[in-house]
Amino acid sequence: YASYKALVPYVPPEITPLKAPRMKELQEFGSSYQNNMLWGSYRSGLYFGMRTRTARPLLLGMMWFDPTDAATVHQEAIRHEAQQGDKLSSYGWVRHDGRSYGRQEIADGDFQLTVQMVKHRSEGSGYGGDWAVRVSVALTAAGRAKQDAAKAAAEAEGRKAAKRKLSLVFYFADAHWRSSELEMWPEQQQSKLGEGVQLLSGDNEDVGPWALHLRPGPSQTGSSSSSSSSMSKSAASSKLQFLGMRLQDGQQLVQLKQLMLQALVQNAQRLGFENGLKLWLPDIAQPRPNLAAFQVTAAVPSCFDLVFVTQPEGNSAAQRLAALSGASLSRLAAERESLFDERFALTFPISNTPEDTDAAALQEVSKAALSNLLGSMGFFVGASKVKLPPGSKPYSPPGSPPPQPGQDPLVVDYWREALFTATPSRSFFPRGFLWDEGFHQLLVQRWDPQLSRDAIAHWLDLMNCQGWIPREQILGKEARTRVPAEFMLQHPSHANPPSLYLPLLAHALSAAAAEPDHPEVLATQAFLKRAWPRLEVWYNWFNTSQAGQQLGTYMWKGRDAASQTELNPKTLMSGLDDYPRASHPSPEERHVDLHAWMALASSAMAEIGRVAGAPAKAVAKYAAAAEAIGSMQRLRELHYDAASGQFRDYGLHSEAVEMVWRNVPVPEGAAPKRELVRQVNEPPQLQLVPCFGYVSLFPLMMQLLPPESRELGQQLQLLRQEQLLWTSHGLRSLAPTSSIYKKYNTEHDAPYWRGQIWINLNYLTLRALKHYSSTAGPHQEAAAQAYADLRANLLRNLAGQYHSTGYLWEQYDDTDGRPKGSHPFTGWTALLTLIASEAF
Ligand code: 6A9
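Residues numbered from 1 in each chain as written. Predicted model: local features only at pLDDT ≥ 70, side-chain atom pairs only at ≥ 80, totals over all residues. Heavy atoms only, no water.

Draft legend 1. Fine view of the overall build of the protein. Helix and strand content of the protein: 23 helices and 32 strands. Since a compact globule built from 840 residues should have a radius of gyration of about 28 Å, the 28 Å found for the protein is in line with a globular shape. The principal-axis extents of the C-alpha atoms in the protein amount to approximately 80 × 80 × 75 Å. In the protein, which comprises 840 residues, the proportion classed as buried is 59%. Look at the contacts in the protein between residues 6 or more apart in sequence, and 72% of them connect residues 24 or more apart. When the 81 positive and 82 negative side-chain charges of the protein are each reduced to one mean point, those points stand 3 Å apart. (Helix = DSSP H or I, 4+ residues; strand = E, 2+ residues; numbered from the N terminus. Rg over C-alpha atoms; globule rule 2.2 N^0.38 Å. Buried < 20%, exposed > 50% of the residue type's maximum accessible area, 1.4 Å probe, protein only. Contact = heavy atoms within 4.5 Å. Lys, Arg positive; Asp, Glu negative; His and termini not counted. Charge placed at Lys NZ, Arg CZ, Asp CG, Glu CD.)

Draft legend 2. Layout of the site of the ligand. Near the ligand you find 16 residues, and of these W435, D436, G575, D577 and W753 are the closest. In the environment of the ligand, an oxygen atom lies 2.9 Å from a nitrogen or oxygen atom belonging to the side chain of D577. Protein contact buries 82% of the 560 Å² of open area that the ligand shows by itself. A class-by-class count of the residues in the shell around the ligand yields 10 nonpolar, one polar and five charged. (Near = heavy atom within 4 Å. Polar contact = N/O pair within 3.5 Å; in protein donor to acceptor, adjacent residues only side chain to side chain. Areas by Shrake-Rupley, 256 points an atom, 1.4 Å probe, with all protein chains shown as cover. Nonpolar A, V, L, I, M, F, W, Y, C, P; charged D, E, K, R; others polar.)

Draft legend 3. Up close: the sheet that holds strand β17 (residues 385-387). The strand order across the open sheet built from three strands is β18-β17-β22, with neighbouring strands paired in mixed fashion. Looking along the sheet, the strands with just one partner apiece sit at the ends: β18 (411-413) and β22 (489-490). (Pairing = 2+ DSSP bridges.)

Draft legend 4. Just the sheet that holds strand β5 (residues 101-108), in detail. Ordered by their spatial adjacency, eight strands build an open sheet running β4-β5-β6-β7-β15-β12-β11-β9, and the pairing between neighbours is antiparallel. The open sheet has two free edges, formed respectively by β4 (90-96) and β9 (183-184), since each of these has just one partner strand. Of the pairings in the sheet, the one linking β4 to β5 comprises six bridges and is antiparallel in character. Each residue of the ladder has a partner; that of Y91, found in β5, is I106.

Draft legend 5. Broad picture of the nonpolar core. Judged by nonpolar contacts, the single largest core of 202 residues is most densely connected at L113, F172, L199, L200, F439, Y501 and W597. A total of 14 residues in this core trace back to one element, the largest contributor, which is helix α16 (residues 592-612). Apart from the residues lying within four places of it in its own chain, the contact partners of L200 are F172, L182, E183, M184, W210, A211, L212, A292 and F294. If you look at the next biggest cluster of nonpolar residues, it comprises 26 residues, including L46, L59, L279 and L291. (Core = buried A, V, L, I, M, F, W, Y, C linked by side-chain atoms within 4.5 Å.)

Draft legend 6. Spotlight on the side chain of D436. You can see D436 is positioned in helix α11 (residues 434-447). Of the side chains bearing the opposite charge, R471 lies closest to the buried D436, which forms no salt bridge; the N-O distance is 7.9 Å. Setting aside anything within four residues of it in sequence, one finds D436 in contact with P424, F825 and W828. (Salt bridge = Lys/Arg side-chain N within 4 Å of Asp/Glu carboxyl O.)

Draft legend 7. Spatial organisation of unusual backbone geometry. Residue P301 is bonded to the preceding V300 through a cis peptide linkage, with omega at 5°. Within the element layout of this structure, P301 appears in the loop between β14 (291-299) and β15 (302-310). The amide bond that connects H823 to the next residue, P824, takes the cis arrangement and shows omega of -5°. Looking at where P824 falls in the secondary structure, it is placed in the loop between β32 (819-820) and α23 (832-836). The backbone of Q703 shows a phi angle near 60°, a positive value even though the residue is not glycine. Looking at where Q703 falls in the secondary structure, it is placed in the loop between α19 (694-701) and α20 (710-719). Unlike most non-glycine residues, K742 shows phi in positive territory, near 55°. With respect to the secondary-structure elements, K742 resides in the loop between β30 (730-731) and α21 (759-773). Looking at K742, the relative accessible area reads 27%, which means it is partly exposed.

Draft legend 8. View of helix α9 (residues 326-347). For α9, with 22 residues, the first-to-last C-alpha span of 31 Å sits near the 32 Å given by 1.5 Å per residue. Of the residues making up α9, those classed as buried are G326, L329, S330, L332, A333, R336, E337, F340 and F344. Seen from one end, α9 has its buried residues packed into an arc of 165°, which puts them on one side. Those residues of α9 that are exposed and angled more than 90 degrees off the buried face are L339 and L346. (Expected span 1.5 Å × (residues − 1). Arc of directions from axis to C-beta.)

Draft legend 9. A look at helix α17 (residues 616-630). Helix length check: α17 (15 residues) gives 21 Å between terminal C-alpha atoms against 21 Å at 1.5 Å per residue, within 8%. For α17, the full list of buried residues reads A618, V619, Y622, A625, A626, I629 and G630. Down the axis of α17, the buried side of the element spans an arc of 125°, and every buried residue falls inside it. Turned more than 90 degrees away from the buried face of α17, the exposed residues are A616, K617 and E627. Lining the buried residues of α17 we find α15 (519-545), α16 and α18 (632-639).

Draft legend 10. Just the pairing of strand β16 (residues 378-382), in detail. The element β16 is largely enclosed, with a buried count of five among its five residues. Residues of β16 alternate between two faces, with G378, F380 and G382 on one and F379 and V381 on the opposite face, all of them buried. Here β16 pairs with strand β19 (residues 417-421) via five bridges, running antiparallel. In the sheet register, G378 faces β19, and the bridge partner there is T421.

Draft legend 11. Quick look at the pairing of strand β6 (residues 111-120). Among the 10 residues in β6, eight count as buried, and that is most of the element. Where β5 meets β6, eight bridges bridge the pair, whose relative direction is antiparallel. Within β6, the residue paired with G102 across the bridge is M117. Taking the residues that link successive antiparallel strands as the turn, the β5-β6 hairpin has two residues, and the phi of G109 there is positive, at about 60°. Bridge count between β6 and strand β7 (residues 130-139): 10 bridges; the pairing is antiparallel.

Draft legend 12. How the structure looks around the packing of α15 against α17. At a minimum axis distance of 13 Å, the contact between α15 and α17 shows a crossing angle of 35°. Between α15 and α17 the crossing geometry is left-handed. Where α15 abuts α17, its residues W532, E536 and Y539 lie against A618, K621, Y622, A625 and I629. (Axes fitted to C-alpha atoms, helices over the stretch in contact; angles between N-to-C directions. Left-handed = near helix turned anticlockwise from the far one by under 90°.)

Draft legend 13. Examining the pattern of salt bridges more closely. Considering all chains together, one arrives at 48 salt bridges under this definition. Notably, a salt bridge pairs K367 with D341, separated by 3.0 Å at the nearest N-O pair. One end of the pair, K367, is in helix α10 (residues 359-375); the other, D341, is in helix α9, with 26 residues separating them in the sequence. Judged by relative accessible area, which is 5%, K367 ranks as buried. Residue E607 pairs with R610 through a salt bridge whose shortest N-O separation is 3.0 Å. One end of the pair is E607 and the other is R610, both in helix α16 and three residues apart, which spans about a single turn. The class of E607 is partly exposed, set by a relative accessible area of 21%. What you see here is one network of salt bridges that share partners, running through R95, R103, E105, E337, D341, E364 and K367.

This is how it looks when you write it as structure tokens:
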């Protein structure tokens, strides 16, 4: 055995997958499901893109620019990656069903773009089916006003006003970079669109033979009557420019926009601006392309149908192409749109619209929230970068190049894996985050349980043999280019809240409540059965690795005890980043939010175990753990401050800390330098940390307080105080009475969870209030009142801000409700849909 072991190469356990049957290989995710889900708007970080859910995908991307505006090149104003810096007035999916239909509205300056994605499988279509993307370009109201003014001015001078134009660029690639080749047609590099052309064809390993067509759309969109669907004349007379390129790898794809920009600049220099900006450039066109781009320049308004057809030689191909373009595409899209609306009304019926909120507006933002969550689901393939714990044996995988000087031998790659996940923010962090996903899946679970199981399956397959799942998933080159180096590394000792237990519990409960032999129930049971061994290892990882020094306590491991430059060392692991904790990280620390999460995890395990058919002994063990961890007695002992009635963290803490400037020693003659460092004015002491905010609410949020308890009454009381957490826009994260309220953590690190209103924890609080309002007890009434008021406040502000800013946001200011942080942020802010329909 010993000699055998010597032969097996060492791989650190931190980057070794858990040995358990893979979730993704469950029967329900087999070929028919894969076929259904192959294509989607899974390139979350772009304004619009599609890809296949395969390791080496077929890819579609879209860019646009104003070809008549010289500023386009100077300001690099080609739109491609969703970016806040582009300052679009608004963009987002207003309808998206997660599988086969979506409509996105994009308002960019004077231009209004509507992008509809319609997937369609019919007799004769190949693997993954056919699809169409309809892009309609129009002027916004402001754009029209400008146009009218220009017209009037031109008429006065006796000339014709120039029509506004927009260039769309579609690119399509086969990411088998070495072996793939696309056939471009027609071969000449410029032409008019006319009645339509076959742009491209190819043969892909997964999809088989395919062809891509571009046709003018109907002149009148949004209407399904055939009379109004004559061909868009401006589209038919639009100019088409072709560019074929041969990329070496995905890295070049990431630089595509830069390449396009270069081409535009060179052409502008060579040909002048008079004829508009052109992408086409003979110098960069390459033979045997594996990526092809098409620039379509048209007068606005115009409308285009891009149609992808599988098995193009098959005898149904012409029919399928016709069905996905022109008037029949309009009909199909209209059908899908009303199916969505009907299903939405059934799934998320909006009840009890608060008095001061407009019902129609609330309905619209609810749909947009769900649609954006589904439309932001991405498919990523790659490996996380992991920092092994100090003292680990250095490791380099067989066949890897020798370490570069300066390279950290403890930084290694996780195994390559695929992740299908919702993403919190397309513009700022279009990738997966572990605890965000627990909230996202609460919505998806109700809309499309199987889709939700699929996403959770991908996440659980990312578990290593110790039970750890990396918190932030930066997978693949496209994802990596968007992350600064200091955020790249994942630490195998760092946790993130086990919020996935929330949707897992919802799956278990819905299976337990339904007819036993319903196919959904059987699928859920099989799913939870498969998940069970993973969930046991996961639970155990939290229960052991995040255990506090004292038995029965929990703490987020990994805070920086040596930090001198932060007012309060951050706790990124908790998800609440800069929320104040004990000022001096120490082993004695205990965190009440994690304690409550563990109580939730325990009771969810018991419930899941029951549905999964786990041994009664195991179920009993988790039920007992839930009792013990969540007991009032334990909470009182560990986290309760009797004087204030507040639940608190415990640790080595001093309130008397401040940031002060100090001179940094510099070599003689050099310019003086200052830095901001922390000064501790009174030594820290072991104590309950005196601050009130979201963390204090966790025993309430997780419904650990008995309905008749005095503590419940106190929390409800505390909750409503305006000098503490209550605001007319929702609950703020930290009370202004806290010494760290709205304080910067370093010179540049602005307050984040130090007062702002966040929707995920408002949702959990509402859920608890709803629970207590329907449970008999002395506080039932107070809970019901708080529930109704908090819900009304949240909905009014979220709907109002969406209406006035065009986006859902990451957080909201506690003083005026104004939106803050990244946008669009349609991760957990999308919980607004559940709040509106009172789905808890
Ligand atoms: C920044 C910026 C171009 C922070 O929603 C994701 C997470 C939450 O899980 C967490 O609870 N957000 C919250 O406190 C956003 C984290 C973004 C980090 C990456 C990189 C790139 O700039």
